[in-house]
Amino acid sequence: MEKYDVVVLGGGNAGMGVTVATRAAGLSVAMIEARDLGGTCPNRGCTPKKVLVAAAHALDEIERADRHAISIDSPRLDWSALIEREKEMIRDIPSRLSGLMAKRGVNVIHGEAAFIGSNAIRVDGRELEARNIVIATGSKPRSLPIQGAEHLTTSDDVLNDPVLPRAAVFIGGGVIAFELGHVYARAGVEVTILEALPHLLGGFDVEAVEQIRDVSERIGISIRTLAWVKRIDEADGRLRVTFVADGAECAVEADRVVNCAGRVANVEGLDLGAAVIVHREGRIEIDGHLRSRSNPDVYVCGDAVWNSPQLSPVATYEGGIVGRNIVDGPKHRPDYDHIPACLYSIPAVASVGLTEAKARERGLGVRIHLNDMQGWLTARTYAETVAWSKIIVEETTGRIVGAHMVGHAGEELIHIFALAMKHAITASQLADMVYGFPTFSADIRNML
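Owing to the predicted nature of the structure, the values given are computational and were not obtained by experimental measurement.

(A) Spatial organisation of the pairing of strand β23 (residues 400–406). By the criterion of burial, β23 is predominantly enclosed, with seven of the seven residues buried. Strand direction decides the pairing type here: strand β22 (residues 388–394) and β23, joined by six bridges, are antiparallel. Its bridge partner being in β23, serine 389 is matched across the sheet by methionine 405. Connecting β22 to the antiparallel partner β23 that follows it, the hairpin turn spans five residues, and glycine 398 within it adopts a positive phi of roughly 75 degrees.

And the structure:
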């Protein structure tokens, strides 16, 4: 039995976050990773996806070039070359992270891990024992119990396939569907999004979602809510998706059908019962310090935490908290109130804090600053197709409790609102700032 102070299951953002404080404190740390170091975000998620989003953004700029008195012939996208560029951008990430872990003094072990006791792990015939074990195994696509599910692909396949489909169906109306759907639509693909629930993009402000839905439909994306997929069949070399909407059975054909029904914690193969880790369908019961309630020697962080935002910066943040709790004892708790989230559609949707609905649910007295900024000078200068914001301010304190933007560099400006919220900078103080002009940031004064 090999002995360590800490064994981390997973070599993604969360797992690496754990190693900072633990190694600084001189603890011995082993990290077990079944695939590439870095996990989903840099290898199969955020980073490669953003390369495709950047290309789609360029196509959008070209489409609006005539607004700047620029004449351009129809652009041609070489999809296979774009996929190769994406792969080149991320190719050396695992090796660089391997070097970082070696420099930090972390022993990286490649293989599939499973518990064999409360404080013990087996990986490829080796047995490891540790005072603390951290589950940072990330997430995986949620399986869909529909006939023909074997025809489904995932976002991994979209990021790997050098062949651009003529038509694609996304099952699920969440972040992945909208981001990849916008990329495909800008590349000339017929895109359909089917969502079983009445609302799209759960977690974002309803009015912000209405804005991006309008944009999406304007660029040719077909969106159906309350659409229940019954089956997927092969039909003349293509795929036919049969679904029920508005009481009628409908069908749409595509070359690719992508499972975008969300992601679940990737803990199925860990044998949690062997470590007395109480869970329900993979949802591990944890306390406010990110410890297993039934086995306090085990911590959980990143996408393996079922009830925190599935965002790579959150994973790093939670990993850091777990690392400090291992070193200091359970003293540190995560605070998710001021963490921004962005949907990288084109234009982007950005959000931090409470939605208007959540603020009113909590009984807060709030002022709503709602702005359609399309007629503003900055938006007109850049020929924006949508520029919208909603800033939610608590009446009694003047503090910002929520901010939501579509377009208008919202994916950057949202961090100014997050900073103000975290450090209790009031709306009036933010409006009193002197900003560079003319900039998108300068419009914050008018948003308030």
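(B) Structural view of the state of the cysteines. Applying the stated criterion to the full structure yields one disulfide. Across the disulfide, cysteine 41 is cross-linked to cysteine 46 (sulfur-sulfur distance 2.4 Å). Measuring the twist about the S-S bond at about -135 degrees, one finds the cysteine 41-cysteine 46 disulfide to be left-handed. A relative accessible area of 30% means that cysteine 46 is categorised as partly exposed.

(C) Expanded view of the packing of aromatic side chains. Considering all chains together, one arrives at four aromatic pairs under this definition. Ring geometry for tyrosine 317 against tyrosine 336: centres 6.5 Å apart, planes inclined by 80 degrees, an arrangement best described as edge-to-face. Note that tyrosine 317 is positioned in helix α9 (residues 312–328) and tyrosine 336 in the loop between α9 and β19 (341–343), a separation of 19 residues in sequence. Overall, the relative accessible area of 29% leaves tyrosine 317 in the partly exposed class. Consider the rings of tyrosine 382 and phenylalanine 440, whose centres lie 5.3 Å apart with planes at 35 degrees: the pair is tilted. Of the two residues, tyrosine 382 is situated in the loop between α11 (377–381) and β22 and phenylalanine 440 in the loop between α13 (427–431) and α14 (444–447); the sequence distance between them amounts to 58 residues. Classification of tyrosine 382 by relative accessible area gives partly exposed; the value is 48%. Taken together, Trp79, Phe170 and Tyr184 form an aromatic cluster joined through their ring pairs. Geometry around tyrosine 344 places lysine 50 over its ring, the cationic atom sitting 4.1 Å from the centre.

(D) Structural detail: the sheet that holds strand β10 (residues 222–224). If you walk across this open sheet you meet the four strands as β10-β9-β8-β14, and the pairing is parallel. If you trace the sheet from one side to the other, it starts and ends with β10 and β14 (256–259), each paired once. Neighbouring strand axes in the sheet, compared pairwise and without regard to direction, differ in orientation by 15 degrees on average. Relative to β14, strand β8 (residues 167–171) runs parallel, the two sharing four bridges.

(E) Geometry of unusual backbone geometry. Cis geometry marks the peptide bond from isoleucine 346 to proline 347; its omega dihedral reads 5 degrees. Positionally, proline 347 belongs in the loop between β19 and β20 (349–353). Along the chain, phenylalanine 437 connects to proline 438 via a cis peptide bond; the corresponding omega equals -5 degrees. You can see proline 438 is positioned in the loop between α13 and α14. The phi torsion at leucine 201 lies on the positive side, around 50 degrees, for a residue other than glycine. Relative to the elements of secondary structure, leucine 201 occurs in the loop between β9 (190–194) and α8 (206–218). One non-glycine residue, alanine 424, lies in the positive phi region at around 55 degrees. If you trace the backbone, alanine 424 turns up in the loop between α12 (410–422) and α13. For alanine 424, a relative accessible area of 31% puts it in the partly exposed group.

(F) Geometry of the environment of serine 389. Looking at the secondary structure, you find serine 389 in strand β22. Between the C-alpha atom of serine 389 and that of threonine 426, which follows or precedes it by 37 residues, the distance is 17 Å. Residues contacting serine 389, with those up to four places away along its chain left out, are His369, Leu370, Asn371, Met373, His404, Met405 and Met447.

(G) Layout of empty space enclosed by the protein. Going through the model one piece at a time under the given rule, you end up with one cavity of 30 Å³ or more. Computed from the structure, the largest cavity encloses a volume of approximately 40 Å³.

Quick notes on the rules
- Residues numbered from 1 in each chain as written.
- Predicted model: local features only at pLDDT ≥ 70, side-chain atom pairs only at ≥ 80, totals over all residues.
- Heavy atoms only, no water.
- Buried < 20%, exposed > 50% of the residue type's maximum accessible area, 1.4 Å probe, protein only.
- Helix = DSSP H or I, 4+ residues; strand = E, 2+ residues; numbered from the N terminus.
- Pairing = 2+ DSSP bridges.
- Disulfide = S-S within 2.5 Å.
- Phe/Tyr/Trp six-rings, centres within 6.5 Å; stacked < 30°, edge-to-face > 60°.
- Lys NZ or Arg CZ within 6 Å of the ring centre and 35° of its normal.
- Axes fitted to C-alpha atoms, helices over the stretch in contact; angles between N-to-C directions.
- Contact = heavy atoms within 4.5 Å.
- 1 Å grid on protein atoms, 1.4 Å probe; cavity = no way out; pocket = protein on both sides within 12 Å on 5 of 7 lines; lining within 4 Å.
- Points joined across faces, edges and corners; volume = space filled by probe spheres on them.

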